[in-house]
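Structure assessment
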Amino acid sequence: MLTYNVLAAIYLAYLGMEGAQVGKLLWPTVVLHAALGLLFVHAWVSFQPGSPQKF
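Here's what I pulled together on the structure shown here.

Conventions used here
- Residues numbered from 1 in each chain as written.
- Predicted model: local features only at pLDDT ≥ 70, side-chain atom pairs only at ≥ 80, totals over all residues.
- Heavy atoms only, no water.
- Helix = DSSP H or I, 4+ residues; strand = E, 2+ residues; numbered from the N terminus.
- Expected span 1.5 Å × (residues − 1).
- Buried < 20%, exposed > 50% of the residue type's maximum accessible area, 1.4 Å probe, protein only.
- Arc of directions from axis to C-beta.
- Contact = heavy atoms within 4.5 Å.
- Axes fitted to C-alpha atoms, helices over the stretch in contact; angles between N-to-C directions.
- Parallel < 35°, antiparallel > 145°, perpendicular 65-115°, else oblique.
- Left-handed = near helix turned anticlockwise from the far one by under 90°.
- Nonpolar A, V, L, I, M, F, W, Y, C, P; charged D, E, K, R; others polar.
- Patch = residues over 30% accessible without salt bridge, like charges linked within 9 Å, V, L, I, M, F, W, Y side chains within 5 Å.
- Areas by Shrake-Rupley, 256 points an atom, 1.4 Å probe, with all protein chains shown as cover.
- Salt bridge = Lys/Arg side-chain N within 4 Å of Asp/Glu carboxyl O.

Right, let's get into helix H2 (residues 26-46). With 21 residues, H2 ought to run about 30 Å at 1.5 Å a step, and its terminal C-alpha atoms sit 30 Å apart, in line with that. For H2, the set of buried residues is Leu26, Val30, His33 and Gly37. Along H2, the residues classed as buried sweep out an arc of 70 degrees about the axis, all on the same side. In H2, those exposed residues whose orientation departs by more than 90 degrees from the buried face are Val31, Leu38, Leu39 and His42. Each element contacted by the buried residues of H2 is listed here: helix H1 (2-18).

As structure tokens, this is what we get:
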């Protein structure tokens, strides 16, 4: 999921900056994928094997 969200954000931002025919929801989608990518990075960095998980 981390790889997917980061690559999706990069690709969609590239499309927006190249001036392709895009809709008005492109940039909110870029922000959403970037935010999800950051959340996945945070979860990955803060993961400690062997410790009890909090839900």
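That covers the picture; the talk isn't over yet.
Direction vectors running N to C along H1 and H2 enclose 150 degrees, while the axes themselves pass 8 Å from each other. In terms of their interaxial angle, H1 and H2 are classed as roughly antiparallel. The element H1 and its partner H2 pack so that their crossing is left-handed. Contacts between H1 and H2 involve Leu2, Tyr4, Asn5, Val6, Ala8, Ala9, Leu12, Ala13, Gly16 and Met17 from the first element and Leu26, Trp27, Thr29, Val30, His33, Ala34, Leu36, Gly37, Phe40, Val41 and Trp44 from the second. Its residues assigned to classes, the contact of H1 with H2 shows 16 nonpolar, five polar and no charged.

Together, Met1, Tyr4, Leu32, Leu36, Leu39 and Phe40 line one region of the surface with nonpolar side chains, adding up to about 640 Å² of accessible area. A total of four residues in the nonpolar patch trace back to one element, the largest contributor, which is H2. Examined against the element boundaries, leucine 36 turns out to sit in helix H2. On the accessibility criterion, leucine 36 (32% relative accessible area) is partly exposed.

Attention shifts here to H1. The end-to-end C-alpha separation of H1 is 24 Å, in line with the 24 Å expected for 17 residues at 1.5 Å each. Buried within H1 are the following residues: Asn5, Ala8, Ala9, Leu12 and Ala13. Angular distribution of buried residues about the axis of H1 spans 125 degrees; they occupy a single face of the element. Of the residues in H1, the exposed ones pointing more than 90 degrees away from the buried face are Thr3, Leu7, Ile10, Met17 and Glu18. Elements in contact with the buried residues of H1: H2. Looking one or two residues past H1, glycine 19 carries a phi angle of roughly 80 degrees, positive in sign.

Note that all results are geometric; they support no functional claim without further evidence.
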